[in-house]
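# Inside the fold
Below, each chain spelled out in residue letters.
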Amino acid sequence: MGETLRIVGVKDGKLLVRGPPEIFAEARVGVKTTEPSTYLLDLVELAYLTYFKECEVVDVDGQNLKLGDLFSKYSRSRYDWIKFTTFLDLRNRGRVAQPGYGENVLVFEMKGQRYAVYVVEENSPLNTKELLSWVDSALLKNLEPVLALVDANGDVTYYTVRKYRLEDLV
Amino acid sequence: MDLARCIFDASFIGKPVGVKKPRGTEEEVNRPLELSLIEAYYLMEKGILKIFKDGKALSLEEFKAVCETHLPEFEDLYKNYKEFKDFGFTIRSALKYGTDFALYKTRPGLEHAPYLVKVLKYGQVIEPGDLISWGRLSHSVRKDLILAVTHQSGLITYVALKWFKP
């Protein structure tokens, strides 16, 4: 078992976690707060530290939380699990995925280009209006939009999504 | 037959009867031309074609009703067809690829169609599984998949989906 991380609270839907700063720095997760050794983490980041870095997570009430407990207790979005799956997949590919600006968005950088990954589940229908609005929001932030489709076994397929004018196609 | 030859030769609309992959050879263009409903409507709208039923010429509205009976998505499919055609693309059916149109910058025989088009309504709900199928198939035949999201106003937003390895 690795280092111990202690959940000390919840702020704006994120978890306040106390632990050795080098753990957060090495895993490139979380945002440092003004409290000593305390970081603000997305659920998927803490899950990553639990699962991949084998950290022990202790809840506010002193209970040890395993990966499943963490999701049972702190998941607030139906996208959390597939976001975690995609986060892991990207990290396994050597991409430093980080939580993005929406409940199902991750961001990462590759070859100088920053990408916004919109995570969608195999069985969750997608509205074209929602898709276009998300593409626009990613482009406004100067991020290349990528759609990540997660199947029932947790396999992730990625597609870049680009808007074109007819003139661009000839 | 002369008109059929002329239409096919000039615009590559339709398909000479019994020719699987028309390339515009002399023998091919001497055959009668088989038009899809969309192609026929396009030519009718342009004033190139008249359609008769029981000896009476159909009006554009009457023929549109026929098209809508057979193709529930006719309106959006036609909007897209017209847009591509007027822009200069050659358009073939892409049913075999599970999409609506295959677009050629020039014409079949001279190049492989670089794009497959799936026409969708703005606000339409799509299954991610369908997206995967269209995307996977278009990637396997080395074509780009274009989603033509058609707004009620007539505006069309083109979105290209390309398989990506992060």
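One structure accompanies this document, and this report is about it. (Residues numbered from 1 in each chain as written. Chains lettered and ligands numbered in written order. Predicted model: local features only at pLDDT ≥ 70, side-chain atom pairs only at ≥ 80, totals over all residues. Heavy atoms only, no water.)

Okay, the pairing of strand β2 (residues 14–18) of chain A next. Within a regular beta strand, the side chains point alternately toward one face of the sheet and then the other, so they alternate between its two faces. Residues and elements named next belong to chain A. Bridge count for strand β1 (residues 4–11) against β2 is 5 bridges, and the pairing is antiparallel. Its bridge partner lying in β2, I7 is registered against V17. Relative to strand β4 (residues 38–41), β2 is paired through 4 bridges, and the arrangement is antiparallel. What sits directly across from L15, in β4, is L41. (Pairing = 2+ DSSP bridges. Helix = DSSP H or I, 4+ residues; strand = E, 2+ residues; numbered from the N terminus.)

As a further point, take the layout of surface pockets. Roughly 1200 Å³ of internal volume is contained in the largest pocket. Taken together, 42 residues form the lining of the largest pocket, with B:R92, B:S93, B:A94, B:L95 and B:A102 sitting closest to its centre. The leading source of residues in the lining of the largest pocket is strand β7 (residues 115–121) of chain B, at 4 residues. Its residues assigned to classes, the lining of the largest pocket shows 19 nonpolar, 8 polar and 15 charged. When its volume is computed, the second largest pocket comes out at roughly 270 Å³. Around the second largest pocket, the lining comprises 16 residues; the ones closest to its centre are A:G13, A:K14, A:D42, A:R76 and A:D80. A breakdown of the residues in the lining of the second largest pocket according to their chemical character gives 4 nonpolar, 5 polar and 7 charged. (1 Å grid on protein atoms, 1.4 Å probe; cavity = no way out; pocket = protein on both sides within 12 Å on 5 of 7 lines; lining within 4 Å. Points joined across faces, edges and corners; volume = space filled by probe spheres on them. Nonpolar A, V, L, I, M, F, W, Y, C, P; charged D, E, K, R; others polar.)

Residues and elements named next belong to chain B. Mapping E45 onto the fold places it in helix α3 (residues 37–45). On the accessibility criterion, E45 (33% relative accessible area) is partly exposed. For the pair E45 and L60, spaced 15 residues apart in sequence, the C-alpha to C-alpha distance is 6.9 Å. The residues contacting E45, other than those within four sequence positions of it, are L60, Y78 and K82. (Buried < 20%, exposed > 50% of the residue type's maximum accessible area, 1.4 Å probe, protein only. Contact = heavy atoms within 4.5 Å.)

Once that is clear, we can look at the packing of helix α2 (residues 43–51) of chain A against helix α3 (residues 67–74) of chain A. All names here are of chain A. In contact at an axis separation of 9 Å, α2 and α3 are set at 165 degrees when each is read in the N-to-C sense. Looking at the two axes, α2 sits roughly antiparallel to α3. The element α2 and its partner α3 pack so that their crossing is right-handed. Taking contact as the criterion, the partners of L43, L46, A47, T50 and Y51 in α2 are, on α3, L67, L70, F71 and Y74. Among the residues forming the contact of α2 with α3, the class breakdown is 8 nonpolar, 1 polar and no charged. (Axes fitted to C-alpha atoms, helices over the stretch in contact; angles between N-to-C directions. Parallel < 35°, antiparallel > 145°, perpendicular 65-115°, else oblique. Left-handed = near helix turned anticlockwise from the far one by under 90°.)

Scanning all chains against the criterion turns up 19 aromatic pairs over all chains. Aromatic side chains A:F71 and A:W81 sit 5.0 Å apart centroid to centroid with 75 degrees between the ring planes, which places their arrangement in the edge-to-face category. With A:F71 in helix α3 and A:W81 in helix α4 (residues 80–92), this residue pair connects regions lying 10 residues apart in the sequence. Measuring from ring centre to ring centre gives 5.9 Å for B:F84 and B:F89, while their planes differ by 85 degrees; the resulting arrangement is edge-to-face. For B:F89, a relative accessible area of 1% gives the class buried. Linked through ring pairs, A:Y51, A:F71, A:W81 and A:F84 together constitute an aromatic cluster. Of note, A:K141 hangs over the ring of A:Y101, and the distance from its end group to the ring centre comes to 4.3 Å. (Phe/Tyr/Trp six-rings, centres within 6.5 Å; stacked < 30°, edge-to-face > 60°. Lys NZ or Arg CZ within 6 Å of the ring centre and 35° of its normal.)

Read these as layout, nothing more, since geometry by itself doesn't imply function.
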